[in-house]
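Structural overview for review
Below are the chains, spelled out letter by letter.
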Amino acid sequence: MNTAFFASDPIALGAIEMLHASKDFPLVCVVSNPDKPKGRGKKLTPNEVSAWAIENGVELMRPEKIDAPTISRLRELGVELIVVMAYGHLLKDDVLNYGEYPCLNLHGSILPKYRGASPIESAIALGEKETGVSLMKIVKRMDAGAVCDVEKIAIDDDDTSVSLRQKFCVASAKLLERNLESIKNKTSKFIEQNEDDATYTRKFDKSDAVLDFTASAKIICNRIRALGFATFERNGEVIKVKDANYKICDNTKECGVVVEASENGLCVACADGVVIFKSLQKPCAKMMSAKDFFAGYKIECGEILKSVAYKNILKC
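Residues numbered from 1 in each chain as written. Predicted model: local features only at pLDDT ≥ 70, side-chain atom pairs only at ≥ 80, totals over all residues. Heavy atoms only, no water.

1. Focus: the pattern of salt bridges
A side chain of one charge can pair with a side chain of the opposite charge if their charged atoms are brought near each other. Operational definition: Think of a salt bridge as a Lys or Arg side-chain nitrogen and an Asp or Glu carboxyl oxygen that are within 4 Å of each other. Elements are defined by DSSP. Helices are runs of H or I of four residues or more, strands are runs of E of two residues or more, and each kind is numbered from the N terminus. Each residue is placed in one exposure class: buried if its accessible area under a 1.4 Å probe, protein chains only, is under 20% of its type's maximum, exposed if it is over 50%, and partly exposed if it falls in between.
Taken as a whole and judged by the stated rule, the model has 19 salt bridges. Here E195 and R115 are joined by a salt bridge, their closest N and O atoms 2.9 Å apart. Residue E195 is located in the loop between α6 (161–184) and β11 (200–201), and its partner R115 is located in strand β8 (residues 115–116); the two are separated by 80 residues in the primary sequence. Given a relative accessible area of 0%, R115 falls into the buried group. We note a salt bridge from E303 to R234, for which the minimum N-O separation is 2.8 Å. Of the two residues, E303 is situated in the segment after α8 (290–294) and R234 in strand β12 (residues 230–234); the sequence distance between them amounts to 69 residues.

So this is what it looks like as structure tokens:
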């Protein structure tokens, strides 16, 4: 059974590589987003999925949108099964009704929870201990299709969006591989989702990184694990921080008060203790250890850093 894979994010490479190595379900083409300008010279550069296809000699199509020539080429290549993961476009009937097999999607959550744009980051930010990949039929409603199988993934306390995505690469390949034969034989059982349990994620933006010291220490650190960094404003400058940990303690200090600013880190009072940032970055500078940062930048103990209320992670 010839397969085509639609993807634009490197999280899909585990499943793509599995198909590329398969004799029974060979990968005959990859469909991805057009190249985007990058760097100072704004040179058009392929994304990581496109770069993989080019390097491995797999036919690559990068249409602005799926059009008649794209569908025609899929048929010329003898594509029988289409698999999608993190492609970034809503697919229309010409793809959803392409052939006799359902158009499949690998979604980064245990559906019906965390449908939408940022399931991995949202799961970390909300303190989940487990997530997974769902293999589902694609329908016109976002991530609402019937689910065939799920591969569960543990979220460790030190997992970030980067480390968790690596787990998804492995889990997606495993999930797809164990279901391909039953899909080919049409013996897979696709179970409709319970709409009452559905939740929806949203895209994160720069404002989500701004610290809210009135939140609990764990919530603050979970958000930093999800986004990779956080920011606060001081004297008109935006300071970026990362490598956060926390201590829960009785705290009589006002939220946002600087408790310590030294080579040990920037320690700031929050709702139920203190948050400690081990790495900091000034505007137009590189990220530094607290020791190097405070060698040339002064923050006084007792200062109150501004808090900005966190927005809801999930769509209401």
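2. Looking at empty space enclosed by the protein
Here is the rule: Using only the protein atoms, space was sampled on a 1 Å grid; points where a 1.4 Å probe fits but cannot get out form cavities, open sets with protein on both sides within 12 Å along at least five of seven lines form pockets, and lining residues are those with an atom within 4 Å of a point. Grid points are joined across faces, edges and corners, and a volume is the space filled by probe spheres set on the points. Under this grouping Gly is polar, as are all residues other than the nonpolar Ala, Val, Leu, Ile, Met, Phe, Trp, Tyr, Cys and Pro and the charged Asp, Glu, Lys and Arg.
Under the counting rule described, the total for this entry stands at one cavity of 30 Å³ or more. Quantified by volume, the largest cavity comes out at close to 30 Å³. If you trace the largest cavity, you find it lined by D208, A209, V210, L211, I220, R223, I224, L227, F229, A230 and Y310. Broken down by element, the lining of the largest cavity gets its largest block of residues, four residues, from helix α7 (residues 217–227). Tallied by class, the residues present in the lining of the largest cavity amount to nine nonpolar, no polar and two charged.

3. Observations concerning the packing of aromatic side chains
We count it as follows: Think of it this way: a Phe, Tyr or Trp ring, Trp meaning its six-membered ring, pairs with another when their centres are within 6.5 Å, and the plane angle makes it stacked under 30 degrees, edge-to-face over 60, tilted otherwise.
This model, assessed by the stated rule, comprises three aromatic pairs. Taking the centre distance of 5.5 Å and the plane angle of 70° together, the rings of F6 and Y87 count as edge-to-face. Within this pair, whereas F6 is found in strand β1 (residues 3–6), its partner Y87 is found in the loop between β6 (81–84) and α4 (93–96), the two being separated by 81 residues in sequence. On the accessibility criterion, F6 (0% relative accessible area) is buried. Its relative accessible area of 2% is what places Y87 among the buried residues.

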